[in-house]
Amino acid sequence: MDGHAVEVEGLVRRFGDLVAVDGVSFTVARGEVFGFLGPNGAGKTTTINMLCTLLAPTAGSARVNGYDIREQRNEVRESIGLVFQDPSLDDRLTANENLDFHAVIYAVPAREREERKRRVLEMVELMDRADDMVITYSGGMKRRLEIARGLLHNPRVLFLDEPTIGLDPQTRKHIWEYIEEMKRREDTTIFLTTHYMEEAERCDRIAIIDHGRIIALDTPDNLKDMVGGDVIRLRTGDDARAEEELKSRFGVSILEERDCLCFEVERGEEFIPRLFRELEVPIMAVNLQRPTLDDVFLKLTGREIREEEADGLADLRSLARVRPPFAR
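This write-up is about the structure you can find in this document. Quantities reported herein were computed from a predicted structural model and do not represent experimental measurements.

Procedures and definitions
- Residues numbered from 1 in each chain as written.
- Predicted model: local features only at pLDDT ≥ 70, side-chain atom pairs only at ≥ 80, totals over all residues.
- Heavy atoms only, no water.
- Helix = DSSP H or I, 4+ residues; strand = E, 2+ residues; numbered from the N terminus.
- Buried < 20%, exposed > 50% of the residue type's maximum accessible area, 1.4 Å probe, protein only.
- Contact = heavy atoms within 4.5 Å.
- Lys, Arg positive; Asp, Glu negative; His and termini not counted.
- Charge placed at Lys NZ, Arg CZ, Asp CG, Glu CD.
- Phe/Tyr/Trp six-rings, centres within 6.5 Å; stacked < 30°, edge-to-face > 60°.
- Lys NZ or Arg CZ within 6 Å of the ring centre and 35° of its normal.
- Pairing = 2+ DSSP bridges.
- Axes fitted to C-alpha atoms, helices over the stretch in contact; angles between N-to-C directions.

What follows concerns the overall build of the protein chain. Each helix and strand counted, the protein chain has twelve helices and 13 strands in total. Its C-alpha atoms give the protein chain principal-axis dimensions of about 75 × 50 × 40 Å. Expressed as a percentage of the 328 residues in the protein chain, the buried residues total 50%. Across the protein chain, every contact between residues at least 6 apart in sequence was considered, and the portion connecting residues at least 24 apart equals 72%. Counting 47 positive and 63 negative side-chain charges, the protein chain places the centres of these two groups 4 Å from one another.

Set out below in structure tokens:
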């Protein structure tokens, strides 16, 4: 089997006259953390639902773990884990009981269940609450339990649909610690959707999706390089003299209408040490700002990602969403 955990070619999904996913093509390498970044309604969840066989494509093809999403639906489902954007735990059961139910659905051998449950609960730090009813859990604890449940049957690909939506920043940080630990420990391929820029930064590669189409796909650093150089803000003992020296010796152009010396260079982290070595004017303060993924989205679409958070497709998507049938 080749190095691709997911292969997608020309995938399309229509809801009546509305094209929710418009001919997307991409691959995800085994062991990769791959992110779908885009505003709500861009087609992220619709794509995941097709890859997980919860929604039939209108056109195109895809393979997950080598299995065709149309012809080998059961094999796809048995080899993946899925954490929904919306809560899907049974609040009236304990964590252990939720995991037991999942283990039965996915035919986890009885002799392995307790050890697997212990391992995933320890990973998300819920072992001491395993026998408490889920209704007593906080939102962050429920999300962690959902991730643990998604890992219980040892999936080769884990799909996370907006895994930290609605959580506070500290809990989101903890969730990402569990995701990264999971990748290290299990070598699991992780495919996630998000509209949080800081989450996309943690991915190995990102596909930016807008109005159902992939408009860019690369590593976070390469995407940010599309925008331009790094911005350096500089204060010195003599800004007028420093400006002349920056122009003549370093060949940089000072940006106008700034309250400090502000200029753009490539590879700013390498330029700053040279600045300290060679600039003859004393440096009082220096700041480096790299382009952000928000800048990338703005450059590609002409608007910020959060301007598009509300979209009619969100309603269609919620109507189309179905719960996963039994794996076997």
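Turning our eyes to something else, we now look at the packing of aromatic side chains. Throughout the structure, instances matching the rule amount to nine aromatic pairs. A centroid spacing of 5.4 Å and a plane angle of 10° characterise the contact between Phe-26 and Phe-34, whose relative ring orientation is stacked. Each member of the pair, Phe-26 together with Phe-34, is buried. Seen from their ring centres, Phe-263 and Phe-271 are 5.9 Å apart, and the 70° between their planes marks the pair as edge-to-face. For Phe-263, a relative accessible area of 0% gives the class buried. By the ring-pair criterion, three or more aromatic residues cluster together here, those being Phe-26, Phe-34, Phe-36, Phe-159 and Phe-191. Over the face of the ring belonging to Phe-15 we find Arg-13, whose NZ or CZ atom lies 4.8 Å from the ring centre.

A word on the pairing of strand β2 (residues 18–29). In this sheet, β2 lies alongside strand β1 (residues 4–15) in antiparallel orientation, the contact comprising nine bridges. Paired with Val-6 across the bridge in β2 is Val-28. Hairpin connection, β1 to β2: the antiparallel pair is bridged by two residues, and Gly-16 has positive phi, about 65°.

Strand order in the open sheet made by the six strands is β6-β7-β8-β3-β9-β10, with mixed pairing throughout. Of all strands in the sheet, those bounded by a partner on one side alone are β6 (80–83) and β10 (213–218). Averaged over all pairs of adjacent strands, the angle between their axes in this sheet comes to 15°, without regard to strand direction. In this sheet, strand β8 (residues 189–194) lies alongside strand β3 (residues 33–37) in parallel orientation, the contact comprising five bridges.

Scope: geometric values only; no functional claims are made or implied.
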